Amino acid sequence: GDLVLIEGILVLHIEAIRRELDVRIFVDAEDDVRVIRRLTRDIKERGRDFDHVIHQYFKHVRPMHMAFVEPSKR
């Protein structure tokens, strides 16, 4: 049969998509690893400074992760 691979941090949050999937795989990384990766990427590749990245993480990234991504692990 056909294989369709769907990737995205919010794809498992959407119930209609989850119902259509035969197999669901959630690839997880430790919180501290995700923060360090984000810091490194945003500073080196996007030219942002440390304070901006930390502010954005606590104001937007972490709350959205906790609300939408974390629950989709289950």
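Structure: above.
Residues numbered from 1 in each chain as written. Predicted model: local features only at pLDDT ≥ 70, side-chain atom pairs only at ≥ 80, totals over all residues. Heavy atoms only, no water.

Details of the packing of aromatic side chains
This is how the line gets drawn: Only centres within 6.5 Å qualify two rings of Phe, Tyr or Trp (six-membered ring in Trp) as a pair; their planes then separate them into stacked at under 30 degrees, edge-to-face at over 60, and tilted for everything else. Only protein chains enter the accessibility calculation, which uses a 1.4 Å probe; a residue whose area is less than 20% of its type maximum is buried, one above 50% is exposed, and one in between is partly exposed.
In the structure shown here, the tally under the stated rule is one aromatic pair. On the basis of an interplanar angle of 80° and a centroid distance of 5.2 Å, the ring pair of Y57 and F58 is categorised as edge-to-face. Given the relative accessible area of 13%, Y57 is considered buried.

Side note on the side chain of S72
Threshold: Secondary structure elements follow DSSP: runs of H or I of four or more residues count as helices, runs of E of two or more count as strands, with numbering from the N terminus. Polar contacts, as counted here, are pairs of nitrogen or oxygen atoms within 3.5 Å of one another; within protein the pair requires one atom able to donate a hydrogen and one able to accept it, and residues that are adjacent in sequence qualify only if both atoms are side-chain atoms. Here, residues are in contact when the closest pair of their heavy atoms is within 4.5 Å.
Here S72 lies in the segment after α3 (50-69). From its side chain, S72 meets the backbone oxygen of V69 in a polar contact 2.6 Å long. The residues contacting S72, other than those within four sequence positions of it, are L12, H13 and F26.

Section: the pattern of salt bridges
What counts here: By definition, a salt bridge exists where a carboxyl oxygen of Asp or Glu is found within 4 Å of a side-chain nitrogen of Lys or Arg.
Applying the stated criterion across every chain yields a total of nine salt bridges. Across the pair R34 and D31 runs a salt bridge, and its minimum N-O distance is 2.4 Å. Of the two residues, R34 and D31 are both situated in helix α2 (residues 31-44); the distance of three residues between them amounts to about one turn of the helix. Overall, the relative accessible area of 24% leaves R34 in the partly exposed class. D31 sits in the partly exposed class, given a relative accessible area of 45%. Across the pair E70 and K73 runs a salt bridge, and its minimum N-O distance is 2.9 Å. On the accessibility criterion, E70 (17% relative accessible area) is buried.

What to know about α3
Going by this rule: Take the number of residues in a helix, subtract one, and multiply by 1.5 Å to get its expected span. In this scheme, the bend at a residue equals the angle between the axes fitted to the seven residues that finish there and the seven that begin there.
If you check α3, its first and last C-alpha atoms are just 24 Å apart, much less than what 20 residues at 1.5 Å a residue would give, namely 28 Å. For α3, the principal kink sits at Y57 and spans about 50°. Among the residues of α3, V53, Y57, H65 and V69 are the ones counted as buried. Next to the buried residues of α3 lie α2.

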